[in-house]
Amino acid sequence: MSEYLHFFSGAEQELIFRYGKNTKDELLKDLTATLPSFRESPEIWHLFCGTMEKVRLIPDSKFPRFLADIQAVYQERQAIHQKEGRV
């Protein structure tokens, strides 16, 4: 697992999972583009800003592993939730 994974809350990890499909720059660009729609919601605004601050601290060379780990964790969680939903 990426050494940076534990720096992010569950909500921040979910945000990265939803928006992080390619590169660190693309993730930051997508989060920044979405940010204006949350000006009326301080909690979500701070979630986005905090996530972006932490993502910027990850070295570019380590970001692909970080993103792959988040995607793996959330795919596993989704599979568990689907399985639980069928029971």
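Residues numbered from 1 in each chain as written. Predicted model: local features only at pLDDT ≥ 70, side-chain atom pairs only at ≥ 80, totals over all residues. Heavy atoms only, no water.

A. The arrangement of the overall build of the protein chain in detail. The helix and strand inventory of the protein chain stands at four helices and zero strands. Overall, the protein chain shows an N-to-C arrangement of helices and strands of α-α-α-α. Expressed along its principal axes, the backbone C-alpha trace of the protein chain runs to roughly 40 × 35 × 20 Å. Taken over 87 residues, the protein chain has a buried fraction of 33%. A separation of at least 24 residues holds for 71% of the contacts in the protein chain among residues at least 6 apart in sequence. Of the roughly 5900 Å² that the protein chain leaves accessible, carbon and sulfur atoms contribute 54%. (Helix = DSSP H or I, 4+ residues; strand = E, 2+ residues; numbered from the N terminus. Buried < 20%, exposed > 50% of the residue type's maximum accessible area, 1.4 Å probe, protein only. Contact = heavy atoms within 4.5 Å. Areas by Shrake-Rupley, 256 points an atom, 1.4 Å probe, with all protein chains shown as cover.)

B. Geometry of helix H3 (residues 42–57). For H3, with 16 residues, the first-to-last C-alpha span of 23 Å sits near the 22 Å given by 1.5 Å per residue. By the burial criterion, the buried members of H3 are Phe48, Gly50, Thr51, Met52 and Val55. (Expected span 1.5 Å × (residues − 1).)

C. Main features of the packing of helix H1 (residues 10–19) against helix H2 (residues 24–34). The geometry of H1 relative to H2 is characterised by a closest axis approach of 10 Å and an angle of 105° between their N-to-C directions. Here H1 lies roughly perpendicular to H2, going by the angle between them. Between H1 and H2, the residues in contact are Leu15, Ile16 and Tyr19 and Leu27, Asp30, Leu31 and Thr34, respectively. Tallied by class, residues from the contact of H1 with H2 come to five nonpolar, one polar and one charged. (Axes fitted to C-alpha atoms, helices over the stretch in contact; angles between N-to-C directions. Parallel < 35°, antiparallel > 145°, perpendicular 65-115°, else oblique. Nonpolar A, V, L, I, M, F, W, Y, C, P; charged D, E, K, R; others polar.)

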